[in-house]
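# Fold and geometry: a report
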Amino acid sequence: MLHINLFHEIQRLEFERKYDPVRIMGLAFVLGLLGLGVWTAILYLNYKPAREAVDSLQKQIKTMEPQHKEAEMRLAELPAYQKEFVFLKKRAQEKSLQSRNLEVFKGCMPTNLFVKKLSIFREVISEKLPGPKDKKGHPTFITRSTSVNLMNFEATYSEATKPKSLEQRDHLVEFFAHSENLGGIAAETTKDGKVVNTVKLAGFSTTEPVGNELAVGTIDIRVELKK
Amino acid sequence: MTLSNEKKKTLALVVIVGLTVLIVSYYFGFRWINEARDQTDKKEHAFSEKAGMMNKTIEDGKVAQKKIELFEMRLKPVRDQMPPERAETWLARTMDAVATRHQLKLKGSRLSDPDAIMLGEVKAFKHFGLVGYVFNVQGNYFQLGEFLADLEGAHPLLVVESMTINAGAGGAPNIHDMAVKINMVTNKD
């Protein structure tokens, strides 16, 4: 018996129509387009709340701006307040009474000294201190400036000879360095392991005795005062 | 299954047209939303960071305001002590009154800028003023000391910045000349 499929032609045509590559490809592209559309719709739905959040943040920032500006002004003002408050407090607490300095000065002067000039002033002293090493390993220095209260006085005395005048100079420097009276107003320093007044010989000159006249020594002493 | 040449051409055309439609749709239709979303995300992040920082500054500002109020409260007694009139007028009058009390006469008194050294770390006052005077006065050592003590006691914020005494000579060896520089913290004009 011969099997003949009488519908073969019809089935072939149906198969070719159903599995037409052009049709399949067209459908695939339509599906791709649809997929893209769905993806975009999802993105849009997600994007909307984000955009609303941005809008709300922008509004929030705008309303916060005056407060923020005010806060920035306060923050900028604060250091000046702090510094000025500390300054005023320190000034009131550490007020150096020059009248007291004059009183103490009078009480510590040896009777053989004639004071020609006395000054009390403030001066900035710069110190060079070793700092950290630089990139090449070379030592660096830091300059530290501090202001100090100084008392400077110029006085004269008479001695029989020039060597005695020089001896008297050294004696006076030692005297002021160890003077207990002056210690009430002078800053302390350590010398040879002992605490003494911060006294420095700033200048000195002496004349030769001529005839009956004695040798006149002029001494310039600088005392660093307590803060 | 073999395709006829006609079919192959149609298929190629469909592929080209389909791909073109997809690419064009993506670039001109859908890409913007992707990019806009990215930008919005970035903006949201940046704005939320900014809002956070602003909030922190506002909180810090509130703390600063409280500190300033505290400083003002502590400075009130200082401000209350300040003369009601202009400081230089008050200072000039006080200097004259103290000198007269000690039978002394001021010479060459004039306003002078206080030394920057007196301000130390402050550099310049923002909420106060600083007024200075220089003058000379002549008298014996005791008188000068008493005068200075009274002047220094006239106001807690009055400071003798510097002074120099030149010993008297000639006919009046006990009458010394004292040059004084004073300054005083005042209210801001």
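Structural data are supplied above this passage.
In this report, the structure presented in the accompanying data block is examined. (Residues numbered from 1 in each chain as written. Chains lettered and ligands numbered in written order. Predicted model: local features only at pLDDT ≥ 70, side-chain atom pairs only at ≥ 80, totals over all residues. Heavy atoms only, no water.)

With that out of the way, let us pick up the overall build of chain A. What chain A contains, in helices and strands, is five helices and six strands. Residues classed as buried in chain A amount to 31% of the 227 residues present. Contacts spanning at least 24 positions in sequence make up 60% of the contacts within chain A whose residues lie at least 6 apart. For chain A, the exposed area adds up to about 14,900 Å²; of that, 58% sits on carbon and sulfur atoms. (Helix = DSSP H or I, 4+ residues; strand = E, 2+ residues; numbered from the N terminus. Buried < 20%, exposed > 50% of the residue type's maximum accessible area, 1.4 Å probe, protein only. Contact = heavy atoms within 4.5 Å. Areas by Shrake-Rupley, 256 points an atom, 1.4 Å probe, with all protein chains shown as cover.)

Moving on, we get to the interface of chain A and chain B. Each partner contributes residues to the interface: chain A has 65 residues there, and chain B has 73 residues. Across the pair A:Asp20 and B:Lys7 runs a salt bridge whose closest N-O atoms are separated by 3.3 Å. Joining chain A to chain B, the criterion identifies eleven residue pairs in polar contact (both at pLDDT 80 or more). Mapped by element, the contributors of at least two residues to the side of chain A that touches chain B are helix H1 (8–18), helix H2 (21–93), helix H3 (98–107) and strand E1 (114–131) of chain A. Ranked by the residues each element gives to the side of chain A that touches chain B, the list is headed by H2(A), at 41 residues. Partitioned by chemical class, the residues of the side of chain A that touches chain B number 35 nonpolar, 14 polar and 16 charged. Where E1(A) lies against strand E3 (residues 158–166) of chain B, four bridges are found, and the strand directions are antiparallel. In the strand pairing of E3(B), A:Leu118 is matched with B:Ile165. (Salt bridge = Lys/Arg side-chain N within 4 Å of Asp/Glu carboxyl O. Polar contact = N/O pair within 3.5 Å; in protein donor to acceptor, adjacent residues only side chain to side chain. Nonpolar A, V, L, I, M, F, W, Y, C, P; charged D, E, K, R; others polar. Pairing = 2+ DSSP bridges.)

Moving on, we get to the packing of H3(A) against helix H3 (residues 141–152) of chain B. Between H3(A) and H3(B), whose axes approach to 8 Å, the crossing angle comes to 150 degrees. Of the possible angle classes, the one that applies to H3(A) and H3(B) is roughly antiparallel. Contact residues: H3(A) offers A:Gln98, A:Ser99, A:Leu102, A:Phe105 and A:Lys106, while H3(B) offers B:Tyr141, B:Gly145, B:Leu148, B:Ala149 and B:Glu152. Along the lines of polarity and charge, the residues of the contact of H3(A) with H3(B) split into five nonpolar, three polar and two charged. (Axes fitted to C-alpha atoms, helices over the stretch in contact; angles between N-to-C directions. Parallel < 35°, antiparallel > 145°, perpendicular 65-115°, else oblique.)

Once that is clear, we can look at the pairing of E1(A). Direction of pairing for E1(A) relative to strand E2 (residues 140–159) of chain A: antiparallel, over a ladder of 17 bridges. Looking across to E2(A), one finds that A:Lys117 is bridged to A:Glu154.

Another point: the sheet that holds strand E5 (residues 199–206) of chain A. Within the open sheet, the eight strands sit side by side as E5(A)-E6(A)-E2(A)-E1(A)-E3(B)-E4(B)-E2(B)-E1(B). Their pairing is antiparallel. At either margin of the open sheet sits one strand with a lone partner, and together these are E5 of chain A together with strand E1 (106–111) of chain B. Taking each pair of neighbouring strands and ignoring which way they run, the sheet shows an average axis angle of 25 degrees. Pairing geometry for E1(B) and strand E2 (residues 128–139) of chain B, over four bridges, is antiparallel. Bridge pairing in E2(B) links B:Leu111 to B:Tyr133.

Using the criterion set out here, one finds eight aromatic pairs over all chains in the structure. Summarising the aromatic geometry, the rings of A:Phe85 and B:Phe71 are spaced 5.2 Å apart at their centres and angled 45 degrees between planes, so their arrangement reads as tilted. Remark: B:Phe71 occurs in helix H1 (residues 5–81) and A:Phe85 occurs in helix H2; the pair is interchain, linking two chains. On the basis of relative accessibility, which here comes to 11%, the residue A:Phe85 falls in the buried class. On the basis of relative accessibility, which here comes to 11%, the residue B:Phe71 falls in the buried class. Each ring, one from A:Phe153 and one from A:Phe176, has its centre 5.1 Å from the other, and the planes form 70 degrees; the classification is edge-to-face. One end of the pair, A:Phe153, is in strand E2; the other, A:Phe176, is in helix H4 (residues 162–178), with 23 residues separating them in the sequence. Of the two residues examined, A:Phe153 and A:Phe176, each falls in the buried class. An aromatic cluster is defined as three or more aromatic residues linked by ring pairs; in this entry it consists of A:Phe105, A:Phe153, A:Phe175 and A:Phe176. Over the ring of A:Phe141 we find A:Lys128, and its NZ or CZ is 5.2 Å from the ring centre. (Phe/Tyr/Trp six-rings, centres within 6.5 Å; stacked < 30°, edge-to-face > 60°. Lys NZ or Arg CZ within 6 Å of the ring centre and 35° of its normal.)

Let's shift gears to H3(A). Among the residues of H3(A), those classed as buried are A:Gln98, A:Ser99, A:Asn101, A:Leu102, A:Val104 and A:Phe105. Buried residues along H3(A) sit against E1, E2, helix H5 (180–183) and strand E6 (215–225) of chain A together with H3 and E3 of chain B.

In this structure, the second largest pocket occupies an estimated 290 Å³ of space. Around the second largest pocket, the lining is made up of 16 residues, and of these A:Phe114, A:Val115, B:Tyr141, B:Ala167 and B:His176 lie nearest the centre. Sorting the residues of the lining of the second largest pocket by element identifies H3 and E1 of chain A together with E3 of chain B as the ones contributing at least two each. The element contributing the most residues to the lining of the second largest pocket is E1(A), with five residues. Its residues placed into classes, the lining of the second largest pocket shows nine nonpolar, four polar and three charged. (1 Å grid on protein atoms, 1.4 Å probe; cavity = no way out; pocket = protein on both sides within 12 Å on 5 of 7 lines; lining within 4 Å. Points joined across faces, edges and corners; volume = space filled by probe spheres on them.)

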